[in-house]
Structure formats: structure tokens, C-alpha cells
Amino acid sequence: MAGIDPLVSTAWLAGRLDDPSVRVVDGTLPLVGQPGKGRDFYEAGHIPGAVFFDINAIADPDTDLPHMLPSPAAFAEAAGALGLGREHTIVCYNAHGLYSAARVWWSLRAMG
């Protein structure tokens, strides 16, 4: 992956929404103090074909710390259920343009 820019433009993505090798992932979380859950934002509207990556659900259930990575097996199962595989180009975004898309991207990178 060295030398590959991890950022893509909206035009790049728009031109590839029908490409079966591209997966779009919405990782939206509410802003601090904002009511609701990430899925609420996803259900209100998302990029066509995007799946919702629930950072709170795809996490280690054995800790009180937020967003800790689950075991590799649990992560692989959750990612697979979303249709995400190593053979895909995965584009992560969130509704607020802040941290949660980066967290999803990092989680995918950390898990290989």
C-alpha cells in the first residue's frame, strides 16, 4: 500500500459506484452531545450502495472502553457480513467529515 493515496475524490467515487470491486462504508457516529445513533444518520440518507459499519457494535464486547477492536475472527465475521473483503477497494466516509470514517479505515487496515 505504500505510495497509494488513501483519499479519493467524490468524482472518483461517483464514477465507480457500479463497480463490483468497490465497497462504500458509512461509519457515521453522532457528534458528542448529539442525540441518536450512527444508524439513524445512515437510515436518513447515505451514498447509494453503502453499508453501515457500526463502530459500537463491531467492537470488543469484553471491555468498557469505547470502540476497541474485537478479535480478528469476530472482526472478519462482521466485515464479511457487510460484504467487505480483502479483494475490494473500500471507501469509508461519515456524515460529519470528522473522525469516525478514519476510525473505520484504521480498523480495516489494522485487521488486514
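Check the entry above for the structure.
In short, a report on the structure.

Looking at the packing of aromatic side chains
Per the stated rule, a full pass over the model turns up two aromatic pairs. When the ring of Tyr-42 is compared with that of Phe-52, the centres are 5.6 Å apart and the planes differ by 40°; the resulting orientation is tilted. With Tyr-42 in helix 2 (residues 38–44) and Phe-52 in strand 2 (residues 51–52), the pair connects residues that are 10 residues apart, well separated along the chain. Residue Tyr-42 is classed as buried on the basis of its relative accessible area, which comes to 13%.

Looking at the side chain of Asp-26
Mapping Asp-26 onto the fold places it in strand 1 (residues 22–26). Buried charge without a partner: Asp-26 forms no salt bridge, and the closest opposite charge is Arg-39, 9.2 Å away. Setting aside chain neighbours within four positions, we find Asp-26 in contact with Tyr-42, His-46, Val-51, Phe-52, Phe-53, Tyr-93 and Asn-94.

A closer look at the nonpolar core
In terms of nonpolar packing, the biggest core is built from 13 residues, with Val-25, Phe-53, Phe-75, Cys-92, Val-104 and Leu-108 touching the most fellow members. Secondary structure elements with two or more residues in this core: helix 3 (72–81) and helix 4 (100–110). Filtering out sequence-adjacent residues up to four positions away, Val-104 remains in contact with Val-25, Gly-27, Phe-53, Ile-55 and Cys-92. Counting eight residues, the second largest nonpolar core, distinct from the first, contains Val-22, Val-24, Ala-50 and Phe-52.

Some remarks on a nonpolar patch on the surface
Taken together, the side chains of Leu-31, Leu-98 and Tyr-99 define a hydrophobic patch exposed on the protein surface, amounting to about 280 Å² of accessible area. Relative to the assigned elements, Leu-31 resides in the loop between strand 1 and helix 2.

Section: the sheet that holds strand 1
Pairing within the open sheet is parallel, and its three strands lie in the order 2-1-3. Both edges of this open sheet fall to strand 2 and strand 3 (89–93), since each of them pairs with a single strand only. Taken together, the two bridges between strand 1 and strand 2 define a ladder with parallel strand orientation. Note that in strand 2 the partner of Val-25 across the bridge is Val-51. Each of strand 1 and strand 3 touches helix 4; the most contacted strand, strand 3, lies at about 150° to it.

Let's talk about helix 4
Given 3.6 residues per turn, any residue in an α-helix points the same way as the ones three and four places further on. Where helix 4 is concerned, the buried positions are Ser-100, Ala-101, Val-104, Ser-107 and Leu-108. On an axial view of helix 4, the arc spanned by its buried residues comes to 125°, and they lie on one face. Each element contacted by the buried residues of helix 4 is listed here: strand 1, helix 3 and strand 3.

Comments concerning the environment of Ala-57
Inspection of the secondary structure puts Ala-57 in the loop between strand 2 and helix 3. For Ala-57, a relative accessible area of 55% translates into the label exposed. Ala-57 sits 13 residues away from Pro-70 along the chain, and the two C-alpha atoms are 9.5 Å apart.

About the criteria used
Residues numbered from 1 in each chain as written. Predicted model: local features only at pLDDT ≥ 70, side-chain atom pairs only at ≥ 80, totals over all residues. Heavy atoms only, no water. Phe/Tyr/Trp six-rings, centres within 6.5 Å; stacked < 30°, edge-to-face > 60°. Helix = DSSP H or I, 4+ residues; strand = E, 2+ residues; numbered from the N terminus. Buried < 20%, exposed > 50% of the residue type's maximum accessible area, 1.4 Å probe, protein only. Lys, Arg positive; Asp, Glu negative; His and termini not counted. Salt bridge = Lys/Arg side-chain N within 4 Å of Asp/Glu carboxyl O. Contact = heavy atoms within 4.5 Å. Core = buried A, V, L, I, M, F, W, Y, C linked by side-chain atoms within 4.5 Å. Patch = residues over 30% accessible without salt bridge, like charges linked within 9 Å, V, L, I, M, F, W, Y side chains within 5 Å. Areas by Shrake-Rupley, 256 points an atom, 1.4 Å probe, with all protein chains shown as cover. Pairing = 2+ DSSP bridges. Axes fitted to C-alpha atoms, helices over the stretch in contact; angles between N-to-C directions. Arc of directions from axis to C-beta.

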